[in-house]
Structure formats: structure tokens, C-alpha cells
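# Topology and contacts: notes
The lines below spell out each chain.
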Amino acid sequence: MNSSNSAQQGPAARQAAMAEQVLADGSATAAELAERFGVSLMTIHRDLDELERQGVVRKFRGGVTAQPSGVFESNVQYRLKTMRAEKAAVADRALKHIEPGMAVMLDDSTSALEIARRLRLGEITPLTVVTNFLEAINLLSDQRGIHLMALGGDYDPLHSSFLGVSCVEAVQSLRVDVCFASTSAVHGGYAYHQEQHIVSVKRAMLDSAARDILLIDHTKLARVALHRVVPLSRFDLVLVDDGASADALRDLDEHKVRYEVCPTVGADDRAGAT
């Protein structure tokens, strides 16, 4: 980017370009951004404060990151870019557990979105799909053979999904054949997530289904986040890509977790996110 052109941009345009760079790279220092965009460190910090307020990134001393931590979840636009081949492998295996006539629930994870992408092909119909994920709703809204049920609630732009008490109540009024969900971390026989309001919706979804299947990429194994979601024994099956280490799989074995390892072809990204 030309520094002089960047410096002449308005704050909104500059912040959008800055967000695009951080989402692509994963993280950046304030000094790097100041040089790239041709503005002062003071201006950069004001921009980063605004992007943090919007939930796009989070600041740390000297810089900013889009990557998740044990307390913060990543912006959905960052998660859409990560571990794509691994999520595709898990989604391909998940399709084997979906049959015509089923009612299927998808959470607001980008792993579940990969299932929605495949359902859009129309090869498994008729089907009822229930989701609170706006990305999946938009993807399936015009698909013939799929009865789409959108779960309402408070819209959360960070996750591009509907959450809150009204979403939980909507989920609790339903009974589906299978729920596909993901989470941020798996360790010691438990699934974890950073945010409490996400946890409450995921728990309701799991309670509403006859079968629960957890979708994870290998980077989530042996990690923890702030909130326990449920014990892994709550899931009928865990699907994980073949990047999982022997130690991580041994931990699943020790906790008597039923899992399947899904072969990955052409993994192109190794930065994990929900």
C-alpha cells in the first residue's frame, strides 16, 4: 500500500484496510502498521482502539492480534480463513452421519459452516436445518429441499450469529436428530470456550439433539479456554483431522472418548480457530 495514499485515507477506510491486514496476517505491531499506513503511532493506537471496540481484534502491549486466546474468541472473518483444509476434512466425514429426512442443528462455528457448504449441493434432501449462524442462514436460504429454521436472538457481529436468552429459549423448544458443534479448546476430558454467552447456547443445542457430534481441528486439542462447555462424554462422537498428535489422541483414549480421525488433503493453514 502506498504510504502517501494511505495517510490521505479517512479513518474508516484506513481502519478497514488495517483490519483486513491483521485478519490476513494474524497479528501486527503498532510500529509496523504506522509505517505501512504512513500515520503516527498515536493515530494507529486510536484506530486499534476502535477496531478492538468493534471486536475485530484485541490489543496487547505493542501490537494487535486477531488470534484467539483462552479468554477471547477470534472474529468470524479471521476464523473463516483458518484451518480450511482441516475443517473440510471433518465436514466431509460429518456428512456420513446425515440422512434424508433428518433435522440437523448447526452451531455458529466455521467448522459447522463447512457442513452447510456441502448441504448446499443438494445431495442430501429433504432435510431440516436449524442454525443461529447468519453465514449458514445466508448460504442455505434459497436451497431447494432444505427446510431452513433460523434461530433468532441478539445479533452478535463478532460471531455473525444470534445469541442470548431468546436464542436459548428458541433452541429449547426444538428436538433435532443430530447437532454438529465446535468449540475453542479440548483438554482433560472437557470441551472449553472463551465466552459465557456462547456456552449457554451451545449447551442448549446439545440438549436439544438425539445425537451430538463435536467438530474440531487438531490445534484445539490440549488447549483450554475460560469456560467449560461440557464433558467430552456428552458427545456421541468427536471428529478431528489427521493433524492430531499421538499424545492428543491418547488423551482422548484415556477419557474413553469415541472419535474418528478424518484424512486431510492439502492442508494450507495451521492457525486454529473455532
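Located above this text is the structure these notes cover.
Attention in this report is confined to the structure presented alongside it. (Residues numbered from 1 in each chain as written. Predicted model: local features only at pLDDT ≥ 70, side-chain atom pairs only at ≥ 80, totals over all residues. Heavy atoms only, no water.)

Within the protein, the regular secondary structure consists of 11 helices and 15 strands. In the form shown here, the protein has an accessible surface area of approximately 12,100 Å², with 49% of it arising from carbon and sulfur atoms. (Helix = DSSP H or I, 4+ residues; strand = E, 2+ residues; numbered from the N terminus. Areas by Shrake-Rupley, 256 points an atom, 1.4 Å probe, with all protein chains shown as cover.)

Attention shifts here to the packing of helix α2 (residues 11-25) against helix α4 (residues 41-53). For the pair α2 and α4, the least separation of the axes is 10 Å and the interaxial angle reads 75 degrees. The orientation of α2 relative to α4 falls into the category roughly perpendicular. Of α4, the residues touching α2 (which contributes Arg 14, Gln 15, Met 18 and Ala 19) are Thr 43, Ile 44, Asp 47, Leu 48, Glu 50 and Leu 51. Taken together, the residues that form the contact of α2 with α4 break down as five nonpolar, two polar and three charged. (Axes fitted to C-alpha atoms, helices over the stretch in contact; angles between N-to-C directions. Parallel < 35°, antiparallel > 145°, perpendicular 65-115°, else oblique. Contact = heavy atoms within 4.5 Å. Nonpolar A, V, L, I, M, F, W, Y, C, P; charged D, E, K, R; others polar.)

Turning to the side chain of Ser 208, a few remarks are in order. The topology assignment puts Ser 208 in the loop between α10 (196-207) and β12 (209-216). Excluding residues within four positions of it along the chain, Ser 208 makes contact with Met 105, Val 171, Leu 174, Arg 175 and Val 176.

Turning next to the packing of aromatic side chains. Overall, the coordinates contain two aromatic pairs when judged by the stated rule. On the numbers, 5.3 Å between centres and 55 degrees between planes, the contact of Tyr 155 with Phe 162 is tilted. Between Arg 36 and the ring centre of Phe 37, over which it is positioned, the NZ or CZ distance is 6.0 Å. The aromatic ring of Tyr 190 is capped on one face by Arg 228, whose charged end is 3.7 Å from the ring centroid. (Phe/Tyr/Trp six-rings, centres within 6.5 Å; stacked < 30°, edge-to-face > 60°. Lys NZ or Arg CZ within 6 Å of the ring centre and 35° of its normal.)

Buried residues of helix α3 (residues 30-37): Ala 30, Leu 33, Ala 34 and Phe 37, and no others. Around the axis of α3, the buried residues are gathered within 100 degrees of arc, so they sit on the same side. Looking one or two places after α3, you find Gly 38, whose phi comes out positive at around 65 degrees. (Buried < 20%, exposed > 50% of the residue type's maximum accessible area, 1.4 Å probe, protein only. Arc of directions from axis to C-beta.)

Quick look at the sheet that holds strand β1 (residues 27-29) now. Strand order across the open sheet formed by three strands is β1-β3-β2, with antiparallel pairing between neighbours. The open sheet has two edge strands, β1 and β2 (58-60), and neither has a second partner. Along the sheet, successive strands turn relative to each other by an average axial angle of 25 degrees, direction set aside. Pairing between β1 and strand β3 (residues 63-65): three bridges, direction antiparallel. When the bridges of β3 are listed, Ser 27 appears paired with Thr 65. Along the sheet, α4 contacts β2 and β3; its crossing angle with β2, the most-contacted strand, is approximately 135 degrees. (Pairing = 2+ DSSP bridges.)

Let's shift gears to the environment of Phe 133. Considering the arrangement of structural elements, one finds Phe 133 in the loop between β5 (127-131) and α8 (134-140). Spatially, the C-alpha atoms of Phe 133 and Asp 107 are 6.5 Å apart, while their sequence positions differ by 26 residues.

Once that is clear, we can look at the pattern of salt bridges. Taken as a whole and assessed by the stated rule, the structure comprises 13 salt bridges. The salt bridge involving Asp 92 is made with Arg 118; its shortest N-O contact spans 2.5 Å. Taken as a pair, Asp 92 in helix α6 (residues 84-94) and Arg 118 in helix α7 (residues 110-119) lie far apart in primary sequence, 26 residues in all. In this structure Asp 92 comes out as partly exposed when scored by relative accessible area, which is 42%. Judged by relative accessible area, which is 17%, Arg 118 ranks as buried. (Salt bridge = Lys/Arg side-chain N within 4 Å of Asp/Glu carboxyl O.)

The subject of this paragraph is the pairing of strand β15 (residues 259-262). What you see with β15 is a clean split: Glu 260 and Cys 262 sit on the buried side and Tyr 259 and Val 261 on the side with no burial. Pairing between strand β14 (residues 237-241) and β15: four bridges, direction parallel. Following the sheet pairing, Leu 239 is matched in β15 by Glu 260. After leaving β14, the chain enters helix α11 (residues 246-254) and then returns to the sheet as β15, a path that is right-handed. (Right-handed = clockwise from strand over helix to strand, strands pointing away.)

The subject of this paragraph is α10. For α10, spanning 12 residues, the distance from its first C-alpha to its last is 17 Å, which sits close to the expected 16 Å at 1.5 Å a residue. Among all positions of α10, only Ile 198, Val 199, Val 201, Lys 202, Ala 204, Met 205 and Leu 206 are buried. (Expected span 1.5 Å × (residues − 1).)

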